[in-house]
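A structural walkthrough
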Amino acid sequence: MHTKEITFRVLSLDGGGIRGLYSAVLLHELAKRIAKTHGQPTDRLDVGRGFDLIAGTSTGALLAAALAAGVPLEDVITLYKGNASSIFRDPTPLGGLRPLLWAARRLGGAANPPDALRAALVGIFENETVKGVYDRRGIALCVPTVNAETHRSWVYKTPHDLKENRLQRDNDYRLVDVCLSSAAAPLVFPMHEVPKPGDAAGHVNWFVDGGLWANNPVLVALVEALSFAPEDAQIELLSISTCPPFQAPSVTQASSNRGLLGWKGGIGMLEVAIDAQSCAYDYIAKTLAEKLGKRIKYIRLTDPKVSSSDAGHLRLDNPSPECLKTLIRLGNDAVDLNISEATTGERPKALLMEIFKDLPTMPTTKGADHV
């Protein structure tokens, strides 16, 4: 008698500031395209239901929490488009002495207050907690950040390991604070202060951007899946980037000796670090999946090539209309590219068709007004 294969599906979402719009558009349009192919509804798809575990860092944390909570991607895209300019009020400039002047303004504090981002997050998550969203939806969530006072990694986790009855530390943290903790990029936002739940003495934790160590959280996702997925389950891991613009300006002898101006007031170092890390972790995850044998199926969605002119827009904190349009266009280009690969068999992406073919839809309640 044939036994049906047990699958455990995992989604990993990179960080990258405003470039999270690319990830949201790619995931949204990919799910719609595949649902339409199978004759299914395409509006307000509950994409989170396609996965057992979702991991996301920084802007990917916002997207991961939204999917786990059942927020339709239409609303997430509206959040990015409608709030970008208020979230990134003082973006890093390009050209001349402007980056140095920007850095000079940063001597006394971060470029942007977190108020606008917090308000947008409250609009979609309200006061829901880590445990609350897991109890309601049953989708595991992992969000990397850094404890700024200990310099140690911290991963917010839902209480999803039922066998061991562990993972209780983060139960009462709000999703709003989880996202703000993981997105507190140095220079861009201040560190995020979170009161310790149930601490009568009023102690707090201070967090900084999870992208400092896990901008691509694929290894966090893989380790977590191996730790608590059923032993006889095949782990299917889908990883999505924020389309890092690897066509960076070429380095010349004159530009190699960089100070604050050459490193765009310091933000350039952060961009290089998180993009390089995302690439390296993809290679490590791919190698591990190959060595672990048939139990792991790993897919990293293919990004379209980014032209030099487009790369100039794709800064982490650029809220300009040109940047948003570029990210949306690149996201749609990526859909065409990955659908083609999934249907021609050039890469092992037929799995995409299975993940997204039977997604339920979300009822229209708050709609786009709540973002």
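Okay, so let's go over this structure. (Residues numbered from 1 in each chain as written. Predicted model: local features only at pLDDT ≥ 70, side-chain atom pairs only at ≥ 80, totals over all residues. Heavy atoms only, no water.)

A separate point is the packing of helix 1 (residues 20–37) against helix 3 (residues 73–87). Interhelical geometry of helix 1 versus helix 3 gives an angle of 155° and a closest axis separation of 10 Å. With respect to helix 3, the element helix 1 is oriented roughly antiparallel. Crossing handedness for the pair helix 1 and helix 3: left-handed. Here Gly20, Leu21, Ala24, Val25, Leu27 and His28 of helix 1 come into contact with helix 3, specifically with Leu73, Glu74, Val76, Ile77, Tyr80 and Lys81. Considered class by class, the residues forming the contact of helix 1 with helix 3 number eight nonpolar, two polar and two charged. (Axes fitted to C-alpha atoms, helices over the stretch in contact; angles between N-to-C directions. Helix = DSSP H or I, 4+ residues; strand = E, 2+ residues; numbered from the N terminus. Parallel < 35°, antiparallel > 145°, perpendicular 65-115°, else oblique. Left-handed = near helix turned anticlockwise from the far one by under 90°. Contact = heavy atoms within 4.5 Å. Nonpolar A, V, L, I, M, F, W, Y, C, P; charged D, E, K, R; others polar.)

This part takes up helix 5 (residues 115–125). Taken as a whole, helix 5 has its buried residues at Ala116, Leu117, Ala120, Leu121, Gly123, Ile124 and Phe125. Buried residues along helix 5 sit against helix 2 (59–69), helix 3 and helix 7 (175–182). Just beyond helix 5, the residue with positive phi is glutamate 126, at close to 50°. (Buried < 20%, exposed > 50% of the residue type's maximum accessible area, 1.4 Å probe, protein only.)

In this section: the packing of helix 2 against helix 3. Axis separation between helix 2 and helix 3 bottoms out at 10 Å; the angle between their running directions is 150°. With respect to helix 3, the axis of helix 2 lies roughly antiparallel. The element helix 2 and its partner helix 3 pack so that their crossing is right-handed. Only Leu73, Val76, Leu79 and Tyr80 of helix 3 make contact with helix 2, whose side of the interface consists of Thr59, Leu62, Leu63, Ala66 and Leu67.

This part covers the packing of aromatic side chains. Applying the stated criterion across every chain, the model contains eight aromatic pairs. The interplanar angle of 90° and the centroid separation of 6.3 Å between the aromatic rings of tryptophan 154 and tyrosine 173 together place this pair among those described as edge-to-face. Of this pair, tryptophan 154 sits in strand 4 (residues 152–157) while tyrosine 173 sits in the loop between strand 4 and helix 7, placing them 19 residues apart in sequence. Take tryptophan 154 and tyrosine 173: they sit in the same class, and that class is buried. Aromatic ring contacts, followed pair by pair, group Trp154, Tyr156, Tyr173 and Phe207 into a single cluster. Over the ring of tryptophan 154 we find arginine 169; its NZ or CZ atom is 3.7 Å from the centre of that ring. (Phe/Tyr/Trp six-rings, centres within 6.5 Å; stacked < 30°, edge-to-face > 60°. Lys NZ or Arg CZ within 6 Å of the ring centre and 35° of its normal.)

Strand direction decides the pairing type here: strand 3 (residues 140–147) and strand 4, joined by six bridges, are antiparallel. Its bridge partner lying in strand 4, valine 146 is registered against serine 153. Between strand 3 and the antiparallel strand that follows it, strand 4, lie four residues; histidine 151 among them carries a positive phi value of about 60°. (Pairing = 2+ DSSP bridges.)

Here we come to unusual backbone geometry. The phi angle at arginine 44 is positive, at roughly 50°, despite the residue not being glycine. Relative to the helices and strands, arginine 44 resides in the loop between helix 1 and strand 2 (53–56). Among the residues examined, arginine 44 registers a relative accessible area of 12% and is labelled buried. At glutamate 126, a position not held by glycine, the phi torsion is positive, near 50°. Tracing the sequence through the fold places glutamate 126 in the loop between helix 5 and helix 6 (130–137).

Looking now at the pattern of salt bridges. Tallied over the full model, the rule gives 14 salt bridges. A salt bridge links aspartate 135 to lysine 131; the shortest N-O distance between them is 2.6 Å. A residue pair is termed a helical-turn pair when its members lie 3 or 4 positions apart in one helix, as aspartate 135 and lysine 131 do in helix 6 at four residues. Residue aspartate 177 pairs with arginine 174 through a salt bridge whose shortest N-O separation is 3.3 Å. Assessed through its relative accessible area of 9%, aspartate 177 is described here as buried. Its relative accessible area of 24% is what places arginine 174 among the partly exposed residues. Here the residues in one salt-bridge network are Asp46, Arg49 and Arg137, joined through shared partners. (Salt bridge = Lys/Arg side-chain N within 4 Å of Asp/Glu carboxyl O.)

In this structure, Leu11, Val47, Leu67, Val76, Phe125, Leu238 and Phe356 are the most contacted members of the largest nonpolar core, which totals 85 residues. Tallying contributions element by element places helix 1 first for this core, with 10 residues. Among all residues touching phenylalanine 356, those that are not within four sequence positions of it are Leu27, Leu30, Ala31, Ile34, Ala35, Val47, Phe51 and Leu238. In terms of nonpolar packing, the next biggest core, distinct from the first, is built from 23 residues, Val10, Leu53, Leu222 and Tyr298 among them. (Core = buried A, V, L, I, M, F, W, Y, C linked by side-chain atoms within 4.5 Å.)

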